[in-house]
2 protein chains.
Amino acid sequence: MTKIFENIDAKNKYKLLRSFRADTYNFKKNTSIINTVIDPNTICFIIKGSVKIIRNNENGNANIFDKLDDNELFGSTLYNLNDIDYDVITLEDTELIITNYNDIVKYQGKNKLYTVFIKNLFMIYNDKIKSLNERINIISKKTIRNKLLEFFNLHFKKNNSRNIYIPFSYQSFADYLCIDRTAMSRELKNLKDEGFIKITGKRITLLYK
Amino acid sequence: MTKIFENIDAKNKYKLLRSFRADTYNFKKNTSIINTVIDPNTICFIIKGSVKIIRNNENGNANIFDKLDDNELFGSTLYNLNDIDYDVITLEDTELIITNYNDIVKYQGKNKLYTVFIKNLFMIYNDKIKSLNERINIISKKTIRNKLLEFFNLHFKKNNSRNIYIPFSYQSFADYLCIDRTAMSRELKNLKDEGFIKITGKRITLLYK
DNA sequence: ATTAAAATGTTGCAATTGCAACAATACAAT
DNA sequence: ATTGTATTGTTGCAATTGCAACATTTTAAT
């Protein structure tokens, strides 16, 4: 995945960010910052620390949707934060630089540095669109088994590995696939009993093909 | 929805496109152009004419996924064209200008015109991400009824209208919702019989709330 | 080490769904 | 107007699923 400051050194990073009329914010650990970042034109760069994007699913459970570290960026649109049941919480003391599209695009000191930055930003958008399309391809399958197999196949194609580590919890995984956790659990057991996969905690090993 | 040449007049449009080291292509009506546009870095601007993006669903039916007119743009990533069962077909004699990210981003004549163009491009990406998130929100609902109601509610919020015109066919609509067409038909009938909606051909009228 | 809390696993059951097979209707071409 | 084709509607049925209720295991806290 492209990082926003890829090929940009620290000195230039701050030079760029300063020029965008951006503001610096500091938050303590475990603070909800959704209200600061919800504006649809906002883009937030994580300078120090990390945040998690969580979502309350229909059962009312707060599930981790994503975890973002320093040098990563997020925005309302990228993570659908306008949706009522999302929240953004700092995982540690965190420093953000917050700006918006207009200020980034209007930046006048056009140079190599800026070009690299804009290119990285496009690539991040591209990656996001790709991953959303990917998820749609998975959840568009009609049965739980086919959703799982589509997920496995995609993982295999991308990582060339038969070992899949479930990030976060099985509940979050089920939410990603838009299915009931216990029904997924049942189907994983079926796949295991039929010899297609092996399950060791949060590692699933593909035994087929 | 943002158009790529919004706030850019025709003269400047061509000036911009020429400067991106872009090539012009002409296609006859009803030509498959997927092979010309499939490269993931490609961006295609429709100068004249129109194209449809189609997708062969699991039943083997080719469904219209989207229809794009002149002054619109598309690209492999934006429409997931790498996926094996997509195709792009011209609906009339069509002229395209095809370029790629690198050439757009590296463009050196930085000026107001270019700024507007880049801003429009970002907005289109933003719109795309929004609409993908929207679709995921809809298809993540667990029952056909809830998918339909979520779609209706979103439509109502966005258009402030109780009349919904189904674009393309009911089959395409079912594909968008990732459900079986006949099961959807049954559920629409239920909603009708229970007095929630009225159906007149491809117009659905919301009677609730 | 003990206890509490959170996460994961299991299972019966009713509701929902996909699928197949077919009927009815709308649309297009001559 | 007639014929053929594509789209939409209907329905029975078996398979799948969500849900609830509960058991077991893992993790975290003291």
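Please refer to the structure placed before this passage.
Below: a short report on this structure.

Calculation notes
- Residues numbered from 1 in each chain as written.
- Chains lettered and ligands numbered in written order.
- Predicted model: local features only at pLDDT ≥ 70, side-chain atom pairs only at ≥ 80, totals over all residues.
- Heavy atoms only, no water.
- Helix = DSSP H or I, 4+ residues; strand = E, 2+ residues; numbered from the N terminus.
- Expected span 1.5 Å × (residues − 1).
- Buried < 20%, exposed > 50% of the residue type's maximum accessible area, 1.4 Å probe, protein only.
- Arc of directions from axis to C-beta.
- Least-squares fit on C-alpha atoms with pLDDT ≥ 70 in both.
- Contact = heavy atoms within 4.5 Å.
- Core = buried A, V, L, I, M, F, W, Y, C linked by side-chain atoms within 4.5 Å.
- Buried area = accessible area lost by both parts, 1.4 Å probe.
- Salt bridge = Lys/Arg side-chain N within 4 Å of Asp/Glu carboxyl O.
- Polar contact = N/O pair within 3.5 Å; in protein donor to acceptor, adjacent residues only side chain to side chain.
- Near = heavy atom within 4 Å.
- Nonpolar A, V, L, I, M, F, W, Y, C, P; charged D, E, K, R; others polar.

Details of helix H7 (residues 181–193) of chain A
Residue and element names in this part refer to chain A.
Here is step 1: Helix length check: H7, at 13 residues, gives a terminal C-alpha distance of 18 Å against a target of 18 Å (1.5 Å per residue), a fit within 8%.
Here is step 2: Along H7, the residues classified as buried are Ala183, Met184, Glu187, Leu188 and Leu191. One face of H7 carries all of its buried residues, which in axial projection span an arc of 140 degrees. Turned more than 90 degrees away from the buried face of H7, the exposed residues are Arg186 and Asp193.

Focus: the relation of the copies chain A and chain B
Here is step 1: For the pair chain A and chain B, the best superposition has an RMSD of 0.1 Å and corresponds to a rotation of 180 degrees with a translation of 0.0 Å parallel to the axis. Classification of the inter-copy transformation places it as that of a two-fold axis.
Here is step 2: Most of the interface of chain A is mirrored in chain B, where 100% of its interface residues again form contacts.

What about the nonpolar core?
Here is step 1: One finds Phe45, Phe74 and Phe117 of chain A together with Phe45, Phe74 and Phe117 of chain B to be the most contacted residues of the largest nonpolar core, which totals 93 residues.
Here is step 2: Setting aside residues no more than four positions away along its own chain, phenylalanine 117 of chain A makes contact with Ile4, Phe5, Ile8, Leu16, Phe20, Phe45 and Ile104 of chain A.

Description of the interface of chain A and chain B
Here is step 1: The interface is formed by 34 residues belonging to chain A together with 34 residues belonging to chain B.
Here is step 2: When chain A packs against chain B, close to 3,600 Å² is buried across both sides, 64% of that on carbon and sulfur atoms.
Here is step 3: Where chain A packs against chain B, one counts 0 salt bridges.
Here is step 4: For the interface between chain A and chain B, the tally reads 8 residue pairs in polar contact (both at pLDDT 80 or more).

A word on the protein's contact with DNA strand D
Here is step 1: Every one of the 17 residues lining DNA strand D counts as a neighbour, but Thr143, Ile144 and Arg186 of chain A together with Tyr170 and Lys202 of chain B are closest to it.
Here is step 2: When the atoms of DNA strand D within 4 Å of the protein are grouped by moiety, sugar and phosphate amount to 47% of the total.
Here is step 3: Measuring from a phosphate oxygen of DNA strand D, one finds a backbone N or O atom of isoleucine 144 of chain A at 2.3 Å.
Here is step 4: Between a base oxygen of DNA strand D and a side-chain N or O atom of arginine 186 of chain A, the distance comes to 3.0 Å.
Here is step 5: Top contributing element to the surface near DNA strand D by residue count: helix H7 (residues 181–193) of chain B, with 5 residues.
Here is step 6: The residue inventory of the surface near DNA strand D, partitioned by class, reads 4 nonpolar, 6 polar and 7 charged.

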